[in-house]
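# Structural description and commentary
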Amino acid sequence: MNGMVARPAFSTELWEYRELLRALVVRNLKMRYQRSLLGFGWALLNPLMTVIVLVVVFDAILRIQVEQYWAFLISGFFPWVFVLHTLGTSSGQITSHSYMARSLAFPSEVLVLSGVLSRLVEFAAELLLVVLVLIALRHQGMPAAFLLLPLVVVIQVVLTTGLALPVAALGVFFQDVQHALPVALTLLSYLTPIYYPLSYVPERFRVIYGLNPFVGLINLYHAILYEGRVPSLLEFLVPVLVSLLCFGVGLLLYRWKREYFAEVV
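Here goes a summary of the coordinates provided.

The rules behind the values
- Residues numbered from 1 in each chain as written.
- Predicted model: local features only at pLDDT ≥ 70, side-chain atom pairs only at ≥ 80, totals over all residues.
- Heavy atoms only, no water.
- Helix = DSSP H or I, 4+ residues; strand = E, 2+ residues; numbered from the N terminus.
- Buried < 20%, exposed > 50% of the residue type's maximum accessible area, 1.4 Å probe, protein only.
- Contact = heavy atoms within 4.5 Å.
- Areas by Shrake-Rupley, 256 points an atom, 1.4 Å probe, with all protein chains shown as cover.
- Phe/Tyr/Trp six-rings, centres within 6.5 Å; stacked < 30°, edge-to-face > 60°.
- Lys NZ or Arg CZ within 6 Å of the ring centre and 35° of its normal.
- Salt bridge = Lys/Arg side-chain N within 4 Å of Asp/Glu carboxyl O.
- Core = buried A, V, L, I, M, F, W, Y, C linked by side-chain atoms within 4.5 Å.
- Expected span 1.5 Å × (residues − 1).
- Bend = angle between axes of the 7 residues up to and from the residue.
- 1 Å grid on protein atoms, 1.4 Å probe; cavity = no way out; pocket = protein on both sides within 12 Å on 5 of 7 lines; lining within 4 Å.
- Points joined across faces, edges and corners; volume = space filled by probe spheres on them.
- Nonpolar A, V, L, I, M, F, W, Y, C, P; charged D, E, K, R; others polar.

Turning our attention to the overall build of the protein chain. Helices and strands together make up the secondary structure of the protein chain, namely twelve helices and zero strands. Residue burial in the protein chain is summarised as follows: out of 265 residues, 46% are buried. By sequence separation, contacts in the protein chain at least 24 residues apart represent 80% of the contacts at least 6 residues apart. In the form shown here, the protein chain has an accessible surface area of approximately 14,100 Å², with 70% of it arising from carbon and sulfur atoms.

Rendered as structure tokens:
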């Protein structure tokens, strides 16, 4: 009808091209750390050094009144690094694989998802380190709430992928995206309760502040990792709905422009 052809479901496409996706993830990780003495160790060392600087600035100098501030910071900072790096690289994900987009027949969403999953491997190592440190130094044991972390990670991956897809599509048509995105993400980081608790945000700004899709997600990490408590149903429900909405809209926007990629790249 009207020349439109029904497209297979996203999950169906991924399953059909699962081997290509796996190969791309492995290739991304190998290329990222080739000719590096520390190799995968940089995935932990870089954010760890940043955390040390942030703790000195916000705890020792600015003196944010949060008990064991270092524990609060690492509970939300490492998840944000995942978002930061994933969205930052997604803007060039299609153009950097232009030779594949032109010569092979496969859904280009696989390229975007390979970037997300590559970063997820690194994040898994970072999150494991955070969990071990908090168990040893913050909670002196493993809170039952930690068992909910896989669910929160899934929410995060869905949300981030939903934003990475339209960013990748924009990056095909506008090179400015690669320059503007780091600035936008830096600003967004200060509008997300990463370096300070949500209670620091004045009540009159809470509604506008809550429009940030990452607020609920970071609060889940703080509740589970820092506080060691099981979040309420509402605390879970809002990030789940936001992530599904972002993913649905992001996929629609991406597929709206996908057929034009070959003309540009």
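So, on to the packing of aromatic side chains. This model, assessed by the stated rule, comprises nine aromatic pairs. For the ring pair Phe72 and Tyr226, a centre distance of 5.5 Å and an interplane angle of 90° mean the geometry is edge-to-face. In this pair, Phe72 is assigned in helix 4 (residues 69–90) and Tyr226 in helix 10 (residues 215–226), connecting sequence segments 154 residues apart. The residues Phe72 and Tyr226 share a single accessibility class, namely buried. Between Tyr190 and Tyr195 the ring centres are 5.8 Å apart and the planes differ by 45°, which places this aromatic pair in the tilted class. On the accessibility criterion, Tyr195 (8% relative accessible area) is buried. Through a chain of ring-to-ring contacts, three or more aromatic side chains come together here, namely Phe58, Tyr69, Phe72, Tyr190, Tyr195 and Tyr226. Seen from the ring of Tyr226, Arg138 lies directly overhead, with NZ or CZ sitting 4.1 Å from the centre.

This paragraph deals with the pattern of salt bridges. For the structure shown, the criterion picks out eight salt bridges. In this structure, Arg138 and Glu67 form a salt bridge, with 4.0 Å as the shortest nitrogen-oxygen distance. Highlighted residues: Arg138 in helix 6 (residues 109–139) and Glu67 in the loop between helix 3 (42–61) and helix 4, separated in sequence by 71 residues. Owing to a relative accessible area of 16%, Arg138 belongs among the buried residues under this scheme. You can call Glu67 exposed: its relative accessible area is 58%. A network of salt bridges, in which partner residues are shared, links Arg119, Glu122 and Glu126.

Time to look at the environment of Gly210. With respect to the helices and strands, the residue Gly210 is situated in the loop between helix 9 (206–209) and helix 10. On a C-alpha basis, the gap between Gly210 and Leu191 in space is 9.5 Å, while along the polypeptide they are 19 residues apart.

Here the focus is the nonpolar core. Formed by 73 residues in total, the largest nonpolar core has its most connected members in Phe77, Tyr195, Tyr221 and Leu225. Mapped by element, the contributors of at least two residues to this core are helix 2 (18–33), helix 3, helix 4, helix 6, helix 7 (149–173), helix 8 (176–190), helix 10 and helix 11 (233–258). Discounting residues that sit within four places of it in the chain, Leu225 has contacts with Ser75, Leu127, Val130, Val131, Leu134, His139, Phe146 and Leu149.

What follows concerns helix 4. Think of an α-helix as turning once every 3.6 residues; residues three or four places apart then point the same way. The end-to-end C-alpha separation of helix 4 is 32 Å, in line with the 32 Å expected for 22 residues at 1.5 Å each. Of all the bends in helix 4, the greatest reaches close to 25° and is centred on Phe77; the proline Pro79 follows between one and four positions later. Taking burial as the measure, the 22 residues of helix 4 include 17 buried ones, the bulk of the element.

Within the fold, Asn212 resides in the loop between helix 9 and helix 10. Between the C-alpha atom of Asn212 and that of Leu191, which follows or precedes it by 21 residues, the distance is 7.6 Å.

With that settled, consider the side chain of His222. Within the element layout of this structure, His222 appears in helix 10. Residue His222 is classed as buried on the basis of its relative accessible area, which comes to 4%. Contacts of His222, omitting those with residues within four sequence positions, involve Phe72, Ser75, Gly76, Pro193, Ile194 and Glu227.

Of the volumes computed, that of the largest pocket is approximately 310 Å³. Forming the boundary of the largest pocket are 20 residues, of which Gly210, Asn212, Val215, Gly216 and Val238 lie nearest the centre. Put simply, the parts of the chain that give the lining of the largest pocket at least two residues each are helix 9, helix 10 and helix 11. Tallying contributions element by element places helix 11 first for the lining of the largest pocket, with seven residues. Its residues placed into classes, the lining of the largest pocket shows 14 nonpolar, four polar and two charged.

What follows concerns the side chain of Thr86. By the element assignment, Thr86 lies in helix 4. Overall, Thr86 belongs to the buried group, its relative accessible area being 2%. Leaving out residues up to four positions away in the same chain, Thr86 has contacts with Val116, Arg119 and Thr160.

Spatial relationships are all this shows, so hold off on functional conclusions.
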